[in-house]
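Reading the structure
Single-letter residue listing:
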Amino acid sequence: MARRPAALLIAFLMAGCQLPPPTVVPSAPATSPAGPHPPSAASSPGSPTPPPGASLAPIGEHRIGIRSAEGPAEFYDRETGERFVPRGANYARNQRDPDGAVVDRVFADYDPVSVEADLAEMKALGYTAVRVALENCRADCIGDPAGGLSSEYLANLADFLRRAKDADLPVFLQSNDLPEEGGFVPKIEATCCSPFDGYLNSQYFHPTGLETYRDYWTPALLGLRAHGAPLDAILAYDLRGELFVVENTPPLSLRTGSVTTANGQTYDLADPAARERLVDEGIVYWVDEIAAAIRAVDPGGLVAVGEFAPNAPNVWRGDDPRAPPTIDTFLRTSVDVIDVHVYPGYVPLAKLMENAGVTGREPVPVVIGEYGAFTFAFPDASAGADGLMRWQAASCDFGVDGWFHWIWSGENDAEVVTGSEGHSAINTVLSPRERPDPCQLGSFPFLQSNVALGADVRASDSAPGQGPELAVDGDEGTGWIAGAGPPGWIEIDLGEPATIDEVRLIVNQSPAGRTVHVVSGGPSRAQLTELHTFEETTDFGDALTWSPGQALTGIRVLRVDTTVSPSWVAWLEIEVMGRRD
């Protein structure tokens with residue numbers, strides 16, 4: 001995470017993106033349009049067979065359902081009749097494996113004592129749900145090297161479900177990928193190499209991929225029941241936490257010939273429209289078949305599917321061959337819930353939602369299953385908490401029905417600031433106890449943020465298309481340019497008095513050379529006092545940072561005057577770290 005947005009976070013592959021919910025508000029009873037769906041007519045898995053000699057735990061009625069009264073579909077509590085808003089966190093025990101990959105060991109190295117304590121803390125903070133991964137630990141995980149699934153692992157997950165139910169925290173259970181052990185992966189690899197790629201695309205488009213994934217979910221759920229798991233504790237089964245295909249491997253990379261996919265349809269690979277139908281129809285078929293397999297074990301369970309935002313029309317992750325569908329595709333399936341993963345630090349939320357196709361008018365609930373504070377975007381827990389709070393509140397404009405932030409706990413994570421860091425700043429700020437309405441910002445004395453972000457700004461002059469607003473837009477890829485050499489100035493109105501802990505100036509200069517920049521501040525433009533002078537040799541991309549010995553209070557206007565520079569007067573970004581007074 002301490003890297004720039006060029007590389008997608010491993011969290012995307014781990015489902016490193018979880019959330020919190022709003023207060024339950026009364027809502028009139030209504031019929032549910034999103035109850036259990038029947039298995040697809042194309043091919044039903046039939047009645048699953050339990051493990052030999054197993055006594056399966058009964059499945060009670062799931063407490064949380066989905067209904068639609070006069071408006072969009074919403075979660076509700078069947079016992080109280082009130083609206084239910086999932087607000088929680090992704091619960092994981094992240095660490096690096098020998099290959100350097102981030103893995104989640106929460107059920108592989110299970111510690112029921114810490115689980116009990118964490119669930120109790122979540123409940124005390126008012127959280128209403130928790131999200132966990134069925135698997136994300138690679139070796140020594142849910143797969144049994146001898147074949148099939150690990151009974152010990154499933155017993156640990158079953159214990160977690162019991163404890164979560166006792167804590168009244170419904171579980172959003174998501175799958176990341178097939179287990180590396182247990183014999184699942186070799187079956188799909190055998191489909192390589194043309195017209196299928198032998199793994200990612202084969203999972204969705206080859207009949208073996210479909211059967212293998214179905215033959216994973218079914219024994220997993222039956223195994224949980226055999227270990228006494230209360231499946232009614234599950235809020236939703238997220239059949240794939242992040243579903244995507246790969247455009248640069250077969251069959252999607254092929255431009256000649258034809259291919260027959262798992263749905264029995266044949267597509268002309270020379271026809272771009274046919275390739276689009278292959279993806280759309282293939283994903284719809286795969287999702288419906290896996291959903292049917294899950295409902296065959298738990299007919300009352302809700303089924304979800306997840307994705308990270310596509311890379312168009314707003315490019316936000318470089319040249320990435322991974323291609324998730326927009327939610328229009330998922331809305332043609334039988335799923336009850338759509339799970340979108342959107343992280344701050346790349347492009348504005350509105351652009352990610354545009355890519356994903358989220359409008360706020362979806363006929364099923366949309367949750368943000370992952371959003372977190374990447375360390376490349378937020379320097380510490382305080383800034384992360386403030387940024388995630390604002391991200392969560394902004395998502396309400398898109399009709400989001402629930403949130404799970406990434407992740408609940410951990411120290412010194414290489415990619416994200418975790419919920420437990422900084423005296424649990426993120427867990428506290430996102431909690432329903434502290435902010436009953438997730439759509440409203442809260443005031444917290446410990447929060448620090450870039451109070452200059454998006455502020456009103458003016459300057460001595462500007463080159464065409466290089467206005468001063470580009471110095472406070474949060475994007476170091478843009479910047480203000482005066483279009484002339486010194487002297488020149490830029491002035492930021494924070495909108496209200498603030499306490500300032502640090503001023504950070506990102507240099508937009510060529511050639512390198514000696515510069516002098518004077519920082520002034522005060523309660524108004526007419527009451528500015530010189531605060532600090534930077535005088536040194538600087539170059540493009542350098543960061544000039546000043547922290548006063550004691551935080552400055554009552555600062556509303558900040559001004560930077562450049563008096564000496566070999567370059568035009570310009571800044572890539574000006575960050576003012578602090579908090580509103």
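Our structure is the block above this text.
Summarised in this report is the structure supplied together with it. (Residues numbered from 1 in each chain as written. Predicted model: local features only at pLDDT ≥ 70, side-chain atom pairs only at ≥ 80, totals over all residues. Heavy atoms only, no water.)

**Structural notes on the sheet that holds strand β14 (residues 337–341)**
Pairing is parallel in the open sheet, where 8 strands are placed in the order β3-β17-β15-β14-β12-β8-β7-β6. Since the sheet does not close on itself, it has two edges, and those belong to β3 (87–89) and β6 (130–133), each with one partner. Each neighbouring strand pair of the sheet contributes to a mean axis angle of 25°, computed without reference to strand direction. Bridging between strand β12 (residues 303–308) and β14 involves 5 bridges; their strand directions are parallel. By the bridge assignment, V305 is partnered in β14 with I338. (Pairing = 2+ DSSP bridges. Helix = DSSP H or I, 4+ residues; strand = E, 2+ residues; numbered from the N terminus. Axes fitted to C-alpha atoms, helices over the stretch in contact; angles between N-to-C directions.)

**What to know about helix α7 (residues 272–297)**
Helix length check: α7, at 26 residues, gives a terminal C-alpha distance of 38 Å against a target of 38 Å (1.5 Å per residue), a fit within 8%. Within α7, 19 of the 26 residues are buried, leaving the element largely enclosed by the surrounding structure. Its side-chain oxygen 3.0 Å from the backbone nitrogen of A273, D271 forms the N-cap of α7. (Expected span 1.5 Å × (residues − 1). Buried < 20%, exposed > 50% of the residue type's maximum accessible area, 1.4 Å probe, protein only. Polar contact = N/O pair within 3.5 Å; in protein donor to acceptor, adjacent residues only side chain to side chain.)

**Brief notes about the pattern of salt bridges**
Per the counting criterion, the structure on display carries 36 salt bridges. One salt bridge in this structure joins R67 and E74, with 3.0 Å as the shortest N-O distance. What makes R67 buried here is its relative accessible area of 1%. A salt bridge links E491 to R559, with the nearest nitrogen and oxygen atoms 3.5 Å apart. Of this pair, E491 sits in strand β22 (residues 488–507) while R559 sits in strand β26 (residues 552–564), and the two are 68 residues apart along the sequence. Just as E491 is buried, R559 falls in that class too. Overlapping salt bridges, with partners in common, bring together R63, D77, E79, K123 and D168 in one network. (Salt bridge = Lys/Arg side-chain N within 4 Å of Asp/Glu carboxyl O.)

**So, the state of the cysteines**
Enumeration according to the criterion identifies 3 disulfides in this entry. With a sulfur-sulfur separation of 1.8 Å, C137 is cross-linked through a disulfide to C141. Taking the sign of the S-S torsion, about 75° here, the bridge from C137 to C141 comes out right-handed. Each member of the pair, C137 as well as C141, carries the same accessibility label: buried. (Disulfide = S-S within 2.5 Å.)

**Let's talk about the environment of V342**
Tracing the backbone shows V342 in the loop between β14 and α9 (349–356). The spacing of V342 and W391 is 49 residues in sequence and 9.4 Å in space, taken between C-alpha atoms.

**Some thoughts on the pairing of β14**
With respect to burial, β14 is a largely interior element, 5 of its 5 residues being buried. Side chains of β14 alternate between two faces, with V337, D339 and H341 and I338 and V340 buried alike. Here 4 bridges tie β14 to strand β15 (residues 366–370), and the two strands are oriented parallel to one another. Each residue of the ladder has a partner; that of I338, found in β15, is V366. As a crossover connection, the stretch from β14 through α9 into β15 is right-handed. (Right-handed = clockwise from strand over helix to strand, strands pointing away.)

**As for the layout of surface pockets**
Roughly 1300 Å³ of volume is contained in the largest pocket. When contributions to the lining of the largest pocket are tallied by element, the ones reaching two or more residues are α9, α10 (381–395), β19 (449–450), β22 and β27 (570–580). Per element, the largest residue contribution to the lining of the largest pocket is 6 residues, and it comes from α10. By residue class, the composition of the lining of the largest pocket is 16 nonpolar, 8 polar and 13 charged. (1 Å grid on protein atoms, 1.4 Å probe; cavity = no way out; pocket = protein on both sides within 12 Å on 5 of 7 lines; lining within 4 Å. Points joined across faces, edges and corners; volume = space filled by probe spheres on them. Nonpolar A, V, L, I, M, F, W, Y, C, P; charged D, E, K, R; others polar.)

**Looking at helix α11 (residues 421–429)**
Most of α11 sits out of view: 7 of its 9 residues are buried. Taken as a whole, α11 has its buried residues at E421, S424, A425, I426, N427, T428 and V429. Residues of α11 that are buried sit in contact with α2 (112–124), β16 (373–374), α10, β17 (402–405) and β18 (416–417). (Contact = heavy atoms within 4.5 Å.)

**Description of the packing of aromatic side chains**
Here the structure, examined in full by the defined rule, presents 19 aromatic pairs. Considering the side-chain rings of F172 and F404, the 5.5 Å spacing of their centres and the 35° angle between planes classify their relative orientation as tilted. Note that F172 is positioned in strand β7 (residues 171–174) and F404 in strand β17, a separation of 232 residues in sequence. For F404, a relative accessible area of 0% gives the class buried. Arranged with centres 4.8 Å apart and planes meeting at 75°, the rings of Y204 and W286 form a pair that is edge-to-face. Placement of the pair is Y204 in helix α5 (residues 200–205) and W286 in helix α7, with a sequence separation of 82 residues. Judged by relative accessible area, which is 1%, Y204 ranks as buried. Overall, the relative accessible area of 1% leaves W286 in the buried class. Cluster of aromatic residues (ring-pair linked, three or more members): F184, Y204, F205, Y213, Y216 and W286. Here the guanidinium or amino end of R559 rests over the ring plane of W489, the centre of that ring lying 4.3 Å away. (Phe/Tyr/Trp six-rings, centres within 6.5 Å; stacked < 30°, edge-to-face > 60°. Lys NZ or Arg CZ within 6 Å of the ring centre and 35° of its normal.)

Fair warning: the whole summary comes from geometry, so function is off the table for now.
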